[in-house]
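A structural walkthrough
Below are the chains, spelled out letter by letter.
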Amino acid sequence: NAGVTQTPKFQVLKTGQSMTLQCAQDMNHEYMSWYRQDPGMGLRLIHYSVGAGITDQGEVPNGYNVSRSTTEDFPLRLLSAAPSQTSVYFCASSYGQGANTFGSGTRLTVV
Amino acid sequence: SQQGEEDPQALSIQEGENATMNCSYKTSINNLQWYRQNSGRGLVHLILIRSNEREKHSGRLRVTLDTSKKSSSLLITASRAADTASYFCATADTGAGSYQLTFGKGTKLSVIP
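If you're wondering where the values come from, they're calculated on a predicted model, not measured in any experiment.

Some thoughts on the confidence of the model for chain B
- The predicted model of chain B averages 93 in pLDDT, with 96% of residues at 70 or higher.
- Mean pLDDT values for the elements of chain B range from 84 in strand β1 (residues 5-7) of chain B up to 98 in strand β7 (residues 61-66) of chain B.

Written out as structure tokens, the structure reads:
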């Protein structure tokens, strides 16, 4: 099992560009989440999904969209990148009320 | 907003010593989880303790939970250089799932060989 796979690992965007961060898990986990981590901070929840076709907002959803068409995939879309979105993005999946498995992250810089 | 606050923010110890990190939170919780993050890497789950539990062990790790004080502690015994990392506590609020974690800012642990 690969666990949670995030691509790309690094990305540089210009202000106003859009992009999609990919996240895939092969553990048949029902729950998936996106977090961002800024320097010196813990992770903050952007969006989450409790199953295919069901998504909801977390603490910091503005500027991001998500969809979940399959159990395995949970892409995060930046609609119009801003320097404030420079961060490290982590995808996580879990089953029931259990522990989360995290991906290795995508380091995004918006210039 | 950050729920948990870890204390201390940074901790430096000699190999073989014990390391204790504390976490305080603000709301009623379902469970509390501890994660480790090596520099520039993803988070690794260490231990989960449910709101009706007071103590859990896993190898060299011991976690306690005091819901009346809204606090938890992580003890790493006989530390090793490989334990050098940042440690985060994360809470799943009552009524929320473990997919909606609220993280603290973390404790940066340095274990000196």
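Considering the packing of aromatic side chains
- Inspection of the entire model under this criterion finds eight aromatic pairs over all chains.
- A centroid spacing of 5.5 Å and a plane angle of 85° characterise the contact between Tyr 35 of chain A and Phe 103 of chain B, whose relative ring orientation is edge-to-face. Placement of Tyr 35 of chain A in strand β4 (residues 31-37) and of Phe 103 of chain B in strand β10 (residues 102-103) is noted, with the two residues assigned to different chains. The residues Tyr 35 of chain A and Phe 103 of chain B share a single accessibility class, namely buried.
- Taken together, a centroid distance of 6.3 Å and an interplanar angle of 75° make the contact between Phe 102 of chain A and Phe 103 of chain B edge-to-face. Of this pair, Phe 102 of chain A sits in strand β10 (residues 100-102) while Phe 103 of chain B sits in strand β10, each in a different chain. Neither residue differs from the other here; Phe 102 of chain A and Phe 103 of chain B are each classed as buried.

Considering the state of the cysteines
Residue and element names in this part refer to chain A.
- In total, this model carries two disulfides over all chains according to the counting rule given.
- Between the sulfur atoms of Cys 23 and its disulfide partner Cys 91 the distance amounts to 1.8 Å. Judged by the torsion about the S-S bond (-70°), the Cys 23/Cys 91 disulfide is left-handed. Here Cys 91 lies in strand β9 (residues 87-94) and Cys 23 lies in strand β3 (residues 19-25), a separation of 68 residues in the sequence.
- Since its relative accessible area comes to 1%, Cys 23 is described here as buried.

Quick notes on the rules
- Residues numbered from 1 in each chain as written.
- Chains lettered and ligands numbered in written order.
- Predicted model: local features only at pLDDT ≥ 70, side-chain atom pairs only at ≥ 80, totals over all residues.
- Heavy atoms only, no water.
- pLDDT = per-residue confidence, 0-100.
- Helix = DSSP H or I, 4+ residues; strand = E, 2+ residues; numbered from the N terminus.
- Phe/Tyr/Trp six-rings, centres within 6.5 Å; stacked < 30°, edge-to-face > 60°.
- Buried < 20%, exposed > 50% of the residue type's maximum accessible area, 1.4 Å probe, protein only.
- Disulfide = S-S within 2.5 Å.

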